[in-house]
Amino acid sequence: MPDAAADPEQPEPHTIAYGPHPSQFCHVHLPAGPGPHPTVVLIHGGFWRLPYGLDLMRPLAEDLVRRGFAAVNVEYRRLGEEGGGWRGTCDDVLSAVRALATRPLPLDLGRLGVAGHSAGGHLALWVASALVKAGETLASGYAVVSLAGVTDLRAAAADRLDEEDGMPPAAIEFMGGAPQELPDEYRLAAPIELLPLGPTVTALVVHGDADDRVPISQSLDYARTAVEAGDRVELARFPTMGHFEVLDPNHESWLAGVGFLSAAILG
């Protein structure tokens, strides 16, 4: 995994709680100036499991601040914590985004993006779909970037992704059962099964051909299905890239992602 050391030239982020559990909080990184600032919500991965946390996304948060964005780095309840898994983890991210409108922060939520890595890519696509389907107008539109994201939970279960000794595959543990046991729940949880997103969402899925943690088929299938459904979803494919390079703010894959966010949010 990449080094997530803090940039000593940037101030420490503000911490806001969006729920009572110790893992229900965000770090809000703010650029200089009074704002309000265009905002990107960041969601870390780790197959929804402890011990992975929001520090994984700190280099990207600090890069966004250098570019003039506010970055909201979300922590959430993970597997191994009370309430972690479906549906508590997804609801945590949704609650975190909704909470931003209730706090006295210099955030321009009319210009909002969401980006997530790996399992965080699943959560980013899921929360955008949930906001749209609930008819919420937090922003006029949402720009979403999935970085090597898990988009198809049935396929993740079938491929036995992140299966560990004595533990089920991550998707089966996250959902609380296999797809044949919980077909309706998988339909509600998997981004590929929540398409179309509709005209208020534009998305980019970023993936590497050499990813040995989440296969590129996850993004290829999602992008194809989304386009067939009439959604505005693009694919950025990197032939030699693995799973973690996209967390390097200098890597071409993140530059594609942040360039997409800048174009979509700033115009």
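Residues numbered from 1 in each chain as written. Predicted model: local features only at pLDDT ≥ 70, side-chain atom pairs only at ≥ 80, totals over all residues. Heavy atoms only, no water.

A. How the structure looks around the sheet that holds strand β6 (residues 142-147). Reading across the sheet, the eight strands line up as β1-β2-β4-β3-β5-β6-β7-β8 and stay open at both edges, with mixed pairing between neighbours. Because the sheet does not close on itself, it has two edges, and the strands there are β1 (14-17) and β8 (232-238). In this sheet, neighbouring strand axes are inclined to one another by 20° on average, regardless of whether the strands run parallel or antiparallel. The sheet contact formed by β1 and strand β2 (residues 25-29) spans four bridges and is antiparallel. In the strand pairing of β2, Ala17 is matched with Phe25. (Pairing = 2+ DSSP bridges. Helix = DSSP H or I, 4+ residues; strand = E, 2+ residues; numbered from the N terminus. Axes fitted to C-alpha atoms, helices over the stretch in contact; angles between N-to-C directions.)

B. Up close: the pattern of salt bridges. Under the criterion given, the structure shown has 18 salt bridges. Among the salt bridges present, the one from Arg66 reaches Asp63, with a minimum N-O distance of 3.9 Å. Here Arg66 and its partner Asp63 are both found in helix α1 (residues 58-66), three residues apart, which amounts to about one turn of the helix. Since its relative accessible area comes to 7%, Asp63 is described here as buried. The partner of Arg77 in a salt bridge is Asp92, and the shortest N-O contact between them spans 2.9 Å. One end of the pair, Arg77, is in the loop between β4 (70-74) and α2 (88-99); the other, Asp92, is in helix α2, with 15 residues separating them in the sequence. Considered together, Arg77 and Asp92 belong to a single accessibility category, that of buried residues. (Salt bridge = Lys/Arg side-chain N within 4 Å of Asp/Glu carboxyl O. Buried < 20%, exposed > 50% of the residue type's maximum accessible area, 1.4 Å probe, protein only.)

C. Region of the structure containing the packing of α2 against helix α3 (residues 119-133). Axis separation between α2 and α3 bottoms out at 10 Å; the angle between their running directions is 65°. Crossing hand, α2 versus α3: right-handed. Along the contact surface, α2 presents Thr89, Cys90, Asp91, Val93, Leu94, Val97 and Arg98, while α3 presents His122, Leu123, Trp126, Val127, Ala130 and Leu131. (Left-handed = near helix turned anticlockwise from the far one by under 90°. Contact = heavy atoms within 4.5 Å.)

D. Layout of the environment of Trp86. Along the chain, Trp86 turns up in the loop between β4 and α2. Filtering out sequence-adjacent residues up to four positions away, Trp86 remains in contact with Trp126, Phe174, Met175, Glu185, Leu188 and Ala189. Here the side chain of Trp86 touches Glu185 through a polar contact of 2.4 Å, side chain to side chain. (Polar contact = N/O pair within 3.5 Å; in protein donor to acceptor, adjacent residues only side chain to side chain.)

E. Molecular detail of the nonpolar core. Among the nonpolar cores identified, the biggest contains 63 residues, and Val41, Trp48, Leu153 and Tyr222 are the most heavily contacted of them. If you tally residues by element for this core, the top one is α3, at nine residues. Those residues in contact with Val41 that sit more than four places away from it in its chain are Val72, Val74, Val97, Leu100, Leu112, Gly113, Val114 and Ala115. One finds Leu60, Leu204, Ala236 and Leu247 within the second-largest nonpolar core, a separate group that totals 24 residues. (Core = buried A, V, L, I, M, F, W, Y, C linked by side-chain atoms within 4.5 Å.)

F. Quick look at α3. For α3, which comprises 15 residues, the first-to-last C-alpha distance of 21 Å matches the rise-based estimate of 21 Å (1.5 Å per residue) to within 8%. The buried count for α3 comes to 13 of 15 residues, which makes it a mostly enclosed element. With its phi angle positive at about 70°, Gly135 sits one or two positions after the end of α3. (Expected span 1.5 Å × (residues − 1).)

Shape is all these values report; function is a separate question.
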